[in-house]
Amino acid sequence: MTPITKPRISILYCTRCNWLLRSAWLAQELLSSFADEVGEVALQPGTGGLFVVQCMDIIIWDRRIEGRFPESKELKQRIRDLIAPEKPLGHSDARRN
C-alpha cells in the first residue's frame, strides 16, 4: 500500500533581512489551519531579500512580485484554494464571487 503524500509548503526567507520570525509565525499559522491537509511546512533560509511561499511547486506568494508581505488571511486563502477548496477558514474566509 502506497502512503498518500500530502502537499509540502515551503517558505524561503532572507536571513540578512531578519525575516525568520515572520516566516516561523506564518508557518505556525499554516500548520494550525491545515494540520490535516499538509505534510510539512519547511523554512528555507536564503539571502537577497527573498520571501517566497510555495506549495506543490507553485508560487503562492513572492514578496517582490506582490510588493509586500502576505497577511495570514490571504496566504491561508490562496493555499486553501489550491489544496482544499471546500475547507472553511472561519474568520479568515472572504466572500467568494
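Everything below is about the structure printed above this text.
Quick look at the structure, then.

What counts and how
- Residues numbered from 1 in each chain as written.
- Predicted model: local features only at pLDDT ≥ 70, side-chain atom pairs only at ≥ 80, totals over all residues.
- Heavy atoms only, no water.
- Helix = DSSP H or I, 4+ residues; strand = E, 2+ residues; numbered from the N terminus.
- Rg over C-alpha atoms; globule rule 2.2 N^0.38 Å.
- Contact = heavy atoms within 4.5 Å.
- Areas by Shrake-Rupley, 256 points an atom, 1.4 Å probe, with all protein chains shown as cover.
- Salt bridge = Lys/Arg side-chain N within 4 Å of Asp/Glu carboxyl O.
- Buried < 20%, exposed > 50% of the residue type's maximum accessible area, 1.4 Å probe, protein only.

## Looking at the overall build of the chain
Assigned secondary structure in the chain consists of three helices and four strands. In the chain, the succession of α and β elements from N to C terminus is β-α-β-β-β-α-α. Taking 13 Å as the expected radius of gyration for a compact globule of 97 residues, we find that the chain reaches 14 Å, a close match to that expectation. The long-range share in the chain, meaning contacts at least 24 apart out of those at least 6 apart in sequence, stands at 61%. Surface summary for the chain: the accessible area is close to 6200 Å², and the carbon and sulfur share equals 51%.

## Things to note about the pattern of salt bridges
Counted according to the given criterion, the structure contains six salt bridges. Residues Lys-87 and Glu-37 are paired through a salt bridge, measuring 3.4 Å at the closest nitrogen-oxygen approach. In this pair, Lys-87 is assigned in the segment after helix H3 (72-83) and Glu-37 in the loop between helix H1 (20-33) and strand E2 (40-46), connecting sequence segments 50 residues apart. The partly exposed category is assigned to Lys-87, whose relative accessible area is 23%. Taking the shortest distance from any N to any O, the salt bridge between Asp-81 and Arg-80 comes out at 2.8 Å. The exposure class of Arg-80 is buried, given its relative accessible area of 1%.

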